[in-house]
Amino acid sequence: MSFGTPPMALWADMAEQASNPFEGLYGFVRGHLLIVNNMLTGSCFLVATLDFLAPKLWLLPRLIYTGTALLALAMLATALVPGLAAKAQARFFAGQAGGVPLWRRGGWQFGIVLLTLVSVGGFVSVAKANQGGIAASSFQPIRNLQADLLSLRSDVADIKTGVGEANAKLDRIAGSVDPAQAADRCADLECAVSGGASPEAVRKLFAKGAKVPGDPINQAALLVSAATSQSAGRLEVIEQLLRNGIDRDLPLHGHLTDPAGLTKAGALNAKRVFDEAELAASPSARFAKELQGKTELDRWNSVAGCLLRSSGGMTLIEFAALQGDQELFERMAARGAKPRVLSCKKGGSRAGGMARVDIGKSGSISVHGG
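Computed from a predicted model, the values in this text were never measured in an experiment.

Trainee: What is the right way to read the overall build of the protein chain from this model?
Mentor: When helices and strands are tallied, the protein chain shows 17 helices and three strands. Expressed as a percentage of its 370 residues, the buried residues of the protein chain come to 36%. The contacts of the protein chain with a sequence gap of at least 6 include a subset with a gap of at least 24, amounting to 63%. Accessible surface computed for the protein chain: about 21,600 Å², of which carbon and sulfur atoms make up 62%.

Trainee: I would appreciate a short explanation of the pairing of strand β1 (residues 342–346) in the present structure.
Mentor: Successive residues of a regular strand alternate their side chains across the two faces of the sheet. For β1, the buried fraction is high: four of the five residues fall into the buried class. One ladder, built from five bridges, connects β1 with strand β2 (residues 353–359); its direction is antiparallel. Paired with Ser 343 across the two strands is Arg 356, which belongs to β2.

Trainee: It is not clear to me how the sheet that holds strand β3 (residues 365–369) should be interpreted in this structure. Could you clarify?
Mentor: By way of backbone hydrogen bonds, the strands of a sheet pair with one another, either parallel or antiparallel. Pairing within the open sheet is antiparallel, and its three strands lie in the order β1-β2-β3. Across the chains shown, the open sheet's two edge strands, defined by having one partner strand only, are β1 and β3. The average angle at which neighbouring strand axes cross in this sheet is 20°, direction not considered. Against the sheet, helix α16 (residues 316–323) contacts β1, β2 and β3, and its axis sits at roughly 95° relative to β2.

Trainee: I'm lost on helix α4 (residues 59–80) in this one. Help?
Mentor: Because an α-helix packs 3.6 residues into every turn, residues spaced three or four apart end up facing the same way. For α4, built from 22 residues, the straight-helix expectation of 32 Å at 1.5 Å per residue is met to within 8% by its first-to-last C-alpha distance of 31 Å. Those residues of α4 that fall on the buried side of the exposure criterion are Pro 61, Tyr 65, Thr 68, Ala 69, Ala 72, Met 75 and Thr 78.

Trainee: Before we go on, may I ask you to explain the side chain of Glu 239 in this structure?
Mentor: Tracing the backbone through its elements, the reader meets Glu 239 in helix α12 (residues 234–243). Discounting residues that sit within four places of it in the chain, Glu 239 has contacts with Arg 331 and Arg 335.

Trainee: Help me understand the pattern of salt bridges, please; the structure alone is not making it clear to me.
Mentor: Tallied over the entire structure, the rule returns 11 salt bridges. The partner of Asp 325 in a salt bridge is Arg 234, and the shortest N-O contact between them spans 2.9 Å. With a gap of 91 residues between them, Asp 325 in the loop between α16 and α17 (326–334) and Arg 234 in helix α12 connect regions that are remote in the sequence. In this pair, the class of Asp 325 matches that of Arg 234, namely buried. In this structure, the salt-bridge partner of Glu 239 is Arg 335, at a minimum N-O distance of 2.5 Å.

Trainee: What is the right way to look at helix α3 (residues 33–52) in this model?
Mentor: Between its first and last C-alpha, α3 extends 28 Å over 20 residues, near the 28 Å set by a 1.5 Å rise per residue. Those residues of α3 not exposed but buried are Val 36, Ser 43, Val 47, Leu 50 and Asp 51. Buried residues in α3, looked at end-on, bunch into an arc of 105°, giving them a common side. Pointing more than 90 degrees away from the buried face of α3 are the exposed residues Leu 34, Thr 41 and Phe 45.

Trainee: What am I meant to see in the state of the cysteines here?
Mentor: Structurally, a disulfide amounts to a covalent bond that connects the sulfur atoms of two cysteines. What the rule picks out here adds up to two disulfides. Each bonded cysteine of the protein chain is numbered by sequence order, and under that numbering the disulfide pairs are 1-2, 3-4.

Trainee: Honestly, the packing of α4 against helix α6 (residues 106–127) in this entry has me stumped. Any pointers?
Mentor: Two measures define how a pair of helices packs: the angle their axes make with one another and the distance between the axes. In contact at an axis separation of 8 Å, α4 and α6 are set at 145° when each is read in the N-to-C sense. The way α4 lies across α6 gives a crossing that is left-handed. Only Trp 108, Gly 111, Ile 112, Leu 115, Thr 116, Val 118, Ser 119, Gly 122, Phe 123 and Val 126 of α6 make contact with α4, whose side of the interface consists of Pro 61, Arg 62, Tyr 65, Thr 66, Thr 68, Ala 69, Leu 71, Ala 72, Met 75, Leu 76 and Thr 78. The residue inventory of the contact of α4 with α6, partitioned by class, reads 13 nonpolar, seven polar and one charged.

Trainee: When you look at the side chain of Thr 68 in this model, what are you seeing that I'm missing?
Mentor: Turning to its location among the elements, Thr 68 is positioned in helix α4. The class of Thr 68 is buried, set by a relative accessible area of 13%. Apart from the residues lying within four places of it in its own chain, the contact partners of Thr 68 are Leu 115, Val 118 and Ser 119.

Here is what the cut-offs are and how they apply
- Residues numbered from 1 in each chain as written.
- Predicted model: local features only at pLDDT ≥ 70, side-chain atom pairs only at ≥ 80, totals over all residues.
- Heavy atoms only, no water.
- Helix = DSSP H or I, 4+ residues; strand = E, 2+ residues; numbered from the N terminus.
- Buried < 20%, exposed > 50% of the residue type's maximum accessible area, 1.4 Å probe, protein only.
- Contact = heavy atoms within 4.5 Å.
- Areas by Shrake-Rupley, 256 points an atom, 1.4 Å probe, with all protein chains shown as cover.
- Pairing = 2+ DSSP bridges.
- Axes fitted to C-alpha atoms, helices over the stretch in contact; angles between N-to-C directions.
- Expected span 1.5 Å × (residues − 1).
- Salt bridge = Lys/Arg side-chain N within 4 Å of Asp/Glu carboxyl O.
- Arc of directions from axis to C-beta.
- Disulfide = S-S within 2.5 Å.
- Left-handed = near helix turned anticlockwise from the far one by under 90°.
- Nonpolar A, V, L, I, M, F, W, Y, C, P; charged D, E, K, R; others polar.

The structure is reproduced here in structure tokens:
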């Protein structure tokens, strides 16, 4: 509209604007199709997403739709309060072409319409959240898809929980069981103890119902196997055997099959007892014993058999003293075990000789002929 416009045409233009208050909205839409399309698409996507997630979300949609509703009301208030509109126009739109009220501008009207539609649709979705939202409550296929997708979250949580528990179990197993120790995988007590299994592995066997053997011979064999084991937890394994029914003073035969189970102190003590008993039986035996070809293990087993016949065997604390196993001796002493005076008799009852073994309170060994 220019200064050359005839008065009648000017009045006709003003009359058309007054009869069509949304002419500015139409013009804004026609002139800004790209912006309008993007904003409509984004708003529809936001409302649809929040509607689909309505069963899981409750606070976020309420905050968003409350904000859009308040903003729409504030913009609408400019049409109802002219003074407020004038202040807003002077504050935010100073310098722009005047003559057109702020609430009649196309962008302003489009903003109010868009915010109103988002707010109304949003609050309807919130009201139907218990039924799954607008779309899910109206269409069963969407409801089924919604339930399937939203359940993935709980499924993933369950998987994470299961994986976490499995990792925790593996960590506990790795911390207590040496994967390189085959004895930790034994299914029976004799295999585990003789193989040097860890205390945790033996404890699990007892927890699963394993029992110590009922006969004293096999019980004694278990104690000897545990005592001569190279496992760092052998003392704890012995404690478990004693707690599960084996007598601490059970007589042991003391027979060894593996040379690795014989300590240097044990070999020396066995030699002292063997020599003393042989010498007591026959003074000339000292010169003949080297011809017997006995190994250290043979000599130990010979002495163990001699002690078995003469003293009824050796108890665990006596076995520890003869082996020079100070840790085991002190552990058994702490449990109240006391060593006896042992005897090893060679030869017949009349012509035989005897070696007496005295064990001190600290586990020291002294051997005397008799």
